[in-house]
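What the coordinates show
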Amino acid sequence: MADKWDSETAQSIASNGTEKCEKEGQWSELPSPPLEDIYSFLRRADQVNMSLVCQKWSKEFGSPSVWKTFRFYLTESQLLTDTCPLMKSVRKYSSMLQHVEIYYNAFTPNRQLIYTWCKYFIEFLQNLTSNSQLISVEFGDFFDCFGVIDTPKCNDMCKAIAEFLGSQRHLKRAEFHNCSFEFNEGVELLRKLTEHSLTHLVLRGFVIRVPLDQEEDANFWNTHSNSQTSQAYQLLKPIIH
């Protein structure tokens, strides 16, 4: 009932604001509630374009409600530009983010663009590491990316993820879908997650292999001997595929 009332109230305010602006011919005077509603229905790239219309709309673009939830999604056209407007916005508003989804979108066979995506991905996580305290995060579909990039770049990405997870002290929910990390990388990421009091954890297609014999197991434990790693390993073993 409350949600319905809020929706009807927002629609009423938007309608009244629109009528007023149409009479006065000043869309820049549209009140904050309908502006926030409009922003909520737009993709992030369209929000950036909307914020360029006037000073009032630019100001509302910086409101916490617009940046509470963020999906990291870069199109091919954005990657072809010298400076990515979306990344500029992220650097400015990342402290407001609470819920983030990061999926690799297999948008192009162009290796150079894929590496550009990786660069922005690492920059995005470094920005979150320095400026944000998220409540939830979701990663997905890195398998296609890891199958193209070289090992050093893959290691850089996994390191950025680990440092990011280690920095998030308010994290309650974490999901990984079809990420296909190497086993040791997966254990390290889970070790970071066990530092938090998570209430929700999803691991689907999280790693691609597990140590196959006792000798490999022994080597693993010789190089990863602490209680958090043990806890992470026990979480990981039942879900290996």
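Residues numbered from 1 in each chain as written. Predicted model: local features only at pLDDT ≥ 70, side-chain atom pairs only at ≥ 80, totals over all residues. Heavy atoms only, no water.

Before going further, it helps to examine unusual backbone geometry. For Asp141, which is not glycine, the phi torsion reads 65° and is therefore positive. Mapped onto the fold, Asp141 is located in the loop between strand S3 (136-140) and helix H9 (143-146). The partly exposed category is assigned to Asp141, whose relative accessible area is 30%. Backbone geometry places Ser180, a non-glycine residue, at a positive phi of 55°. If you trace the backbone, Ser180 turns up in the loop between strand S4 (173-177) and helix H11 (183-193). Owing to a relative accessible area of 11%, Ser180 belongs among the buried residues under this scheme. (Helix = DSSP H or I, 4+ residues; strand = E, 2+ residues; numbered from the N terminus. Buried < 20%, exposed > 50% of the residue type's maximum accessible area, 1.4 Å probe, protein only.)

Bringing the sheet that holds S4 into the picture now. The 5 strands are arranged S1-S2-S3-S4-S5 in an open sheet whose pairing can be described as parallel. Each end of this open sheet is capped by a strand with a single partner; those strands are strand S1 (69-72) and strand S5 (200-204). Strand-to-strand twist in this sheet, taken as the mean axis angle between neighbours without regard to direction, amounts to 5°. With 5 bridges connecting them, S3 and S4 associate as parallel partners. Within S4, the residue paired with Glu138 across the bridge is Glu175. (Pairing = 2+ DSSP bridges. Axes fitted to C-alpha atoms, helices over the stretch in contact; angles between N-to-C directions.)

Turning our attention to the nonpolar core. Trp117, Phe121, Phe124, Phe139, Phe142 and Phe181 are the most contacted members of the largest nonpolar core, which has 60 residues in total. Among the elements that make up this core, the one with the highest residue count is helix H8 (residues 111-131) (11 residues). Two domains share this core, each providing at least three of its residues, namely domain 1 (29-65) and domain 2 (68-210 + 227-236). (Core = buried A, V, L, I, M, F, W, Y, C linked by side-chain atoms within 4.5 Å. Domains from an automatic or database assignment.)

On to the environment of Tyr120, then. With respect to the element layout, Tyr120 can be found in helix H8. Put simply, Tyr120 and Leu79 are 41 residues apart on the chain and 9.0 Å apart in space, counted from C-alpha to C-alpha. Contacts of Tyr120, omitting those with residues within four sequence positions, involve Phe72, Leu74, Leu79, Asp82, Cys84 and Met87. (Contact = heavy atoms within 4.5 Å.)

Among all positions in helix H3 (residues 44-51), only Arg44, Gln47, Val48, Met50 and Ser51 are buried. Projected onto a plane normal to the axis of H3, the buried residues spread over an arc of 160° and lie on a single side. Buried residues along H3 sit against helix H2 (32-40), helix H4 (55-61), helix H5 (64-67), S1 and helix H7 (85-93). (Arc of directions from axis to C-beta.)

Here we take up the pattern of salt bridges. Applying the stated criterion across every chain, the model contains 7 salt bridges. Between Arg43 and Asp46 there is a salt bridge whose closest N-O contact spans 3.2 Å. We note a salt bridge from Glu195 to Arg191, for which the minimum N-O separation is 3.8 Å. For Glu195, a relative accessible area of 30% puts it in the partly exposed group. Here the salt bridges share partners, and the residues they tie into one network are Arg169, Glu188, Arg191 and Glu195. (Salt bridge = Lys/Arg side-chain N within 4 Å of Asp/Glu carboxyl O.)

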